Structures are given as C-alpha cells and as structure tokens.
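Below, each chain spelled out in residue letters.
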Amino acid sequence: DNLSSIIIPTNITSIGDGAFSDCGQLSSVTWHNGVTSIGASAFMGSAIKNTAISGGQLANALILPSSLQTIGASAFEKAADIVGTITFPATLQTLGDRAFFDCDGITSISFANGSIITEIGEQCFENSGRLAGTIAFPDSIQRICADAFRYCTSLVGISFNKETSNLTVIEEGAFNECTGMTC
C-alpha cells in the first residue's frame, strides 16, 4: 500500500492482471521498450501520473512502451491522476474494455503512424470528461464498441479517412452524452 514508484526490469515483458491494482500511492512507473502487455486491472485505482521509458526522465504523462501490443480490460480504470495526451504505439493491437474508464485527466489521445489496432473496447474512455478536441482514428480501426466514449463531454469530433478507413461498426452509445460534439 505504500508503494510509490516502480521500475520494471528489462526481463519483464508482461505486467499481469491486477499486478498493481489499488496501489493508491503508486505515482510513478518506469518501463522499457520490451513490455508487450499490460494485463487486466494492472494499474486500476492507482495514482499513476509520472512515467518514463528506461533511460528517460519521468514525465507528467502516461508514456507507453513502443513495443506494447495489449492493454487489458480495466488496466488503468479509475487511475484519475493520469493527465494530458496519451499516444498509443503503432504496435498496439488490443485496447480492452474499460481500459481508461473514469480517467478524467486525459485531455487527448492519438495513434502512432502505422497503427494496427482494430477495436476500441466497450466503455474504454467512458467518463473521461476532459478528453477534448477531435480524435483521428487510424485506418486499421474496424470497430468502436458500445459506450467507448460515453460522457466524454469535452470531445468535439472524430475523424477518419472515408476512402481508406476499415471502420465498419460504431456500436450503440459509443459517443452517447458527448455533449461537445455537433452533428
């Protein structure tokens, strides 16, 4: 319960389900670019706000490893101290249900060039009321699941390339109560 910072060793490639769940004092994480998976509820309810890649300086942002392939369900749910922009690496394949549910400090998200992600999970960013601006979805996105951005009241728009996008499904309520968006 008093754990405030961790350094993920280079031999660790996967952070297991619930590994640091409800570590309410955990505010900084340093990981390396060999981490490929962050499990379900891994940092749920933590106070994470400063992250770095090995050899870099801690930043007041969630900096993700460039090798990351999976962010599990509820991985960062209710980690309310995450602030600013999150850039998802091109290698990311899975963004689980409720991964960033109730993370009100997130102000924008972006996807690296060449992204291969195909789906935004259910309730993934629900209640992220400060998530603002326009989200530019990569061509690889095929599905935006139910309630994915529900109550993202500062979000003003979404964009995708109508000629090259693979987006075929926007599920029920995906942008419900996004009161900043206009039709």
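## Topic: the sheet that holds strand β3 (residues 28-31)
Step number 1: Strands sit in the order β1-β3-β5 across an open sheet of three strands; the sheet is parallel. Where the open sheet ends on each side, the last strands, each with one partner, are β1 (5-7) and β5 (50-53). When the angles between neighbouring strand axes are averaged without regard to direction, this sheet yields 5°.
Step number 2: Strand direction decides the pairing type here: β1 and β3, joined by three bridges, are parallel. Residue I6 lies in a different strand from β3, and its bridge partner there is V29.

## What to know about the pattern of salt bridges
Pairing between side chains becomes possible if they bear opposite charge and their charged atoms approach one another.
Step number 1: This model, assessed by the stated rule, comprises four salt bridges.
Step number 2: Across the salt bridge formed by R143 and E119, the nearest N and O atoms sit 3.7 Å from each other. One end of the pair, R143, is in strand β12 (residues 143-144); the other, E119, is in strand β10 (residues 119-120), and 24 residues separate them in sequence.
Step number 3: Taking the relative accessible area as the measure of exposure, E119 reaches 33% and is therefore partly exposed.
Step number 4: Ionic pairing is found between E171 and R143, a salt bridge with its closest N-O pair at 2.6 Å.

## Let's talk about the packing of aromatic side chains
What characterises a pair of aromatic rings is the spacing of the ring centres plus the angle enclosed by the ring planes.
Step number 1: Evaluated as defined, the whole model comprises twelve aromatic pairs.
Step number 2: Taking the centre distance of 5.4 Å and the plane angle of 15° together, the rings of F20 and F43 count as stacked. Note that F20 is positioned in the loop between β2 (14-15) and β3 and F43 in the loop between β4 (37-38) and β5, a separation of 23 residues in sequence. Of the two residues, F20 and F43, both sit in the buried class.
Step number 3: On the numbers, 6.0 Å between centres and 70° between planes, the contact of F137 with F149 is edge-to-face. Note that F137 is positioned in the loop between β11 (133-136) and β12 and F149 in the loop between β12 and β13 (155-159), a separation of twelve residues in sequence.
Step number 4: When its relative accessible area of 6% is taken as the criterion, F137 is described as buried.
Step number 5: Through a chain of ring-to-ring contacts, three or more aromatic side chains come together here, namely F20, W31, F43, F76, F88, F100, F111, F125, F137, F149 and F175.

## A word on the side chain of S165
Step number 1: Tracing the backbone shows S165 in the loop between β13 and β14 (169-170).
Step number 2: A polar contact of 3.0 Å, which involves the side chain of S165, links it to the backbone nitrogen of L167.
Step number 3: Discounting chain neighbours no more than four positions away, the residues touching S165 are D139, I141 and F160.

## With respect to the state of the cysteines
Step number 1: For the structure on display, the rule yields zero disulfides.
Step number 2: For C23, which is in no disulfide, the shortest distance to another cysteine sulfur is to C103 and amounts to 16 Å.

## A few points about the side chain of D147
Step number 1: By secondary structure assignment, the location of D147 is in the loop between β12 and β13.
Step number 2: Within the buried core, D147 has no salt-bridge partner, and the shortest N-O distance to an opposite charge, that of R150, equals 4.2 Å.
Step number 3: Dropping the residues within four chain positions of it, D147 is found in contact with Q123, C124, E126, E172, G173 and A174.

## A short note on unusual backbone geometry
Step number 1: Of note in the backbone geometry, D147 takes a positive phi value of approximately 60° without being a glycine.
Step number 2: For E177, which is not glycine, the phi dihedral falls at a positive 65°.
Step number 3: Here E177 lies in the segment after β14.

## Quick notes on the environment of H32
Step number 1: Its location among the elements puts H32 in the loop between β3 and β4.
Step number 2: For H32, a relative accessible area of 7% gives the class buried.
Step number 3: With 58 residues separating them along the chain, H32 and A90 place their C-alpha atoms 16 Å apart.
Step number 4: When neighbours within four sequence positions are excluded, H32 is seen to be in contact with I8, P9, T10, I12, I53, S54 and P65.
Step number 5: A polar side-chain atom of H32 sits 2.9 Å from the main-chain carbonyl oxygen of P9.
Step number 6: A distance of 2.9 Å separates a polar side-chain atom of H32 from the backbone nitrogen of G34.

Reading the values: the criteria
- Residues numbered from 1 in each chain as written.
- Predicted model: local features only at pLDDT ≥ 70, side-chain atom pairs only at ≥ 80, totals over all residues.
- Heavy atoms only, no water.
- Pairing = 2+ DSSP bridges.
- Helix = DSSP H or I, 4+ residues; strand = E, 2+ residues; numbered from the N terminus.
- Axes fitted to C-alpha atoms, helices over the stretch in contact; angles between N-to-C directions.
- Salt bridge = Lys/Arg side-chain N within 4 Å of Asp/Glu carboxyl O.
- Buried < 20%, exposed > 50% of the residue type's maximum accessible area, 1.4 Å probe, protein only.
- Phe/Tyr/Trp six-rings, centres within 6.5 Å; stacked < 30°, edge-to-face > 60°.
- Polar contact = N/O pair within 3.5 Å; in protein donor to acceptor, adjacent residues only side chain to side chain.
- Contact = heavy atoms within 4.5 Å.
- Disulfide = S-S within 2.5 Å.
- Lys, Arg positive; Asp, Glu negative; His and termini not counted.

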